[in-house]
Amino acid sequence: MKALRLAQSMTLDDLSGRAGVSRAMISRIERGEASPTAQLLSRLCSALGTTLSRFFATSEEAENPLSRRAQQRVWRDPETGYLRRSVSPDNVGSPVDIVEVEFPPGARVVFEQQQFDAGLTQHLWLFAGKLTMTAGEETHVLEAGDCLFMRLAEAHIFHNPHGEPARYAIILNRSKA
């Protein structure tokens, strides 16, 4: 995170103001003393002009069109326990990122509206379980096989009030068409 911030000549105060996150918390995250929740990390990424998918991408790796499961980056939200796997190969020049998510029963994550994400879109394709999704003002109950289109600039609430995990893919389009 610090490298992204410095590459944009952004101070801790600048990032704090754009993301609505305290300067102290950002400093703790950059030093590895705190593990941000998905909500907090999303706000920081948006303020840095990137997405969670791009944040987790490794820029040092050589271009390779094949992303093997054993090498895919995995991150667990410390608050909800949801598991996020970056499926797409890095550095192939595609504006599309694919993320696999395992969302535990009872989990709820709120992604607030982010002005920096205007124009970015995503599809949520549910493979297993059920998920209650709120995108903007509309709420949808998704079942296995359903696919929901959303604009990233809208507020989103991912909620699994059901007794089994929900497993889905997020297909994120970073091109601002």
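What comes next is a walk through the structure. Each chain carries its own residue numbering, running from 1 in the written order of its sequence. Owing to the predicted nature of the model, reporting of local features is limited to residues with pLDDT of at least 70; listing and counting of side-chain atom pairs is limited to 80 or more, with chain, interface and lining totals taken over all residues. Side-chain calculation: all heavy atoms of the structure are included, whereas hydrogens and water are not.

Under the scheme used here, helices are H or I runs from DSSP no shorter than 4 residues and strands are E runs no shorter than 2 residues, and both carry numbers assigned from the N terminus. Structurally, Ala166 can be placed in strand β10 (residues 166-173). Each C-alpha atom, one on Ala166 and one on Gly129, is 4.4 Å from the other, the two residues being 37 residues apart in sequence. Not counting chain neighbours up to four residues away, the residues in contact with Ala166 comprise Val101, Glu102, Phe103, Leu126, Ala128, Gly129, Lys130, Leu131 and Asn160. Contact between two residues is taken to exist if any of their heavy atoms lie within 4.5 Å; hydrogens are not considered.

Through backbone hydrogen bonds, the strands of a sheet pair up, either in parallel or in antiparallel fashion. Strand order in the open sheet made by the four strands is β4-β9-β6-β7, with antiparallel pairing throughout. The open sheet has two edge strands, β4 (108-111) and β7 (138-143), and neither has a second partner. Going across the sheet, the axis of each strand differs from the next one's by a mean of 15°, ignoring polarity. For strand β6 (residues 130-135) and β7, the ladder comprises six bridges, and the chain directions are antiparallel. Within β7, the residue paired with Leu131 across the bridge is Leu142. The pairing criterion is simple: DSSP has to find at least two bridges between the two strands. Lines are fitted to the C-alpha atoms to define the axes, a helix being fitted only along its stretch in contact, and any angle between axes, read from their N-to-C directions, falls within 0 to 180 degrees.

Before going further, it helps to spend a moment on the side chain of Asp77. One can find Asp77 in the loop between β1 (74-76) and β2 (83-86). With a 1.4 Å probe rolled over the protein chains alone, any residue whose accessible area is under 20% of its type maximum counts as buried; one over 50% counts as exposed, and the rest are partly exposed. Charge assignment in this entry is limited to Lys and Arg as positive and Asp and Glu as negative, and neither His nor the chain termini are counted. When a carboxyl oxygen of Asp or Glu is within 4 Å of a side-chain nitrogen of Lys or Arg, the pair counts as a salt bridge. No salt bridge is formed by the buried Asp77. Its closest oppositely charged neighbour is Arg76, at 9.3 Å. The contacts of Asp77, once residues within four sequence positions are left out, are Pro36, Thr37, Ala38, Tyr82 and Val109.

A separate point is the sheet that holds β10. Spatially, six strands are ordered β1-β2-β3-β10-β5-β8 in an open sheet, and the strand pairing comes out antiparallel. At either end of the open sheet lies a strand with only one pairing partner, and these are β1 and β8 (147-151). The average angle at which neighbouring strand axes cross in this sheet is 20°, direction not considered. The pairing of strand β5 (residues 121-128) with β8 spans five bridges and is antiparallel. Directly across from Leu124, in β8, lies its bridge partner Leu148.

Let us now look at the packing of helix α2 (residues 12-19) against helix α4 (residues 38-47). Look at α2 against α4: their axes get within 9 Å of each other, and the N-to-C directions meet at 115°. When the interaxial angle is binned, α2 and α4 end up roughly perpendicular. In this structure, α2 meets α4 at a crossing whose hand is right-handed. Residue-level inspection shows Leu15, Arg18 and Ala19 of α2 in contact with α4, the latter providing Arg43, Leu44 and Ala47. By the definition adopted for this analysis, an angle is roughly parallel if under 35 degrees, roughly antiparallel if over 145, roughly perpendicular if from 65 to 115, and oblique otherwise. With the far helix as reference, a near helix turned anticlockwise by less than a right angle produces a left-handed crossing, and one turned clockwise produces a right-handed crossing.

What follows deals with the packing of aromatic side chains. Side-chain rings of Phe, Tyr and Trp (the six-membered ring for Trp) are treated as a pair once their centres are within 6.5 Å; stacked means planes under 30 degrees apart, edge-to-face means over 60, and tilted covers the remaining angles. Summed over the entire model, instances satisfying the criterion amount to seven aromatic pairs. Ring plane angle 50° and centroid distance 6.3 Å describe the contact between Phe103 and Tyr168, whose orientation is recorded as tilted. Of this pair, Phe103 sits in strand β3 (residues 96-103) while Tyr168 sits in strand β10, placing them 65 residues apart in sequence. Grouping residues by exposure puts Phe103 and Tyr168 together as buried. Here Phe158 and Tyr168 contribute two aromatic rings whose centre-to-centre distance is 6.1 Å and whose plane-to-plane angle is 20°, an arrangement assigned as stacked. Here Phe158, found in strand β9 (residues 156-159), pairs with Tyr168, found in strand β10; they are ten residues apart in sequence, far enough to count as distant. For Phe158, a relative accessible area of 6% corresponds to the buried category. What links up through ring pairs into an aromatic cluster is the set Trp75, Tyr82, Phe103, Phe111, Phe158 and Tyr168.

Most peptide bonds take the trans configuration, and most residues that are not glycine carry a negative phi. A positive phi angle, close to 50°, is found at Ser9, a residue other than glycine. One can find Ser9 in the loop between α1 (2-7) and α2. One non-glycine residue, Asn91, lies in the positive phi region at around 55°. By secondary structure assignment, the location of Asn91 is in the loop between β2 and β3.

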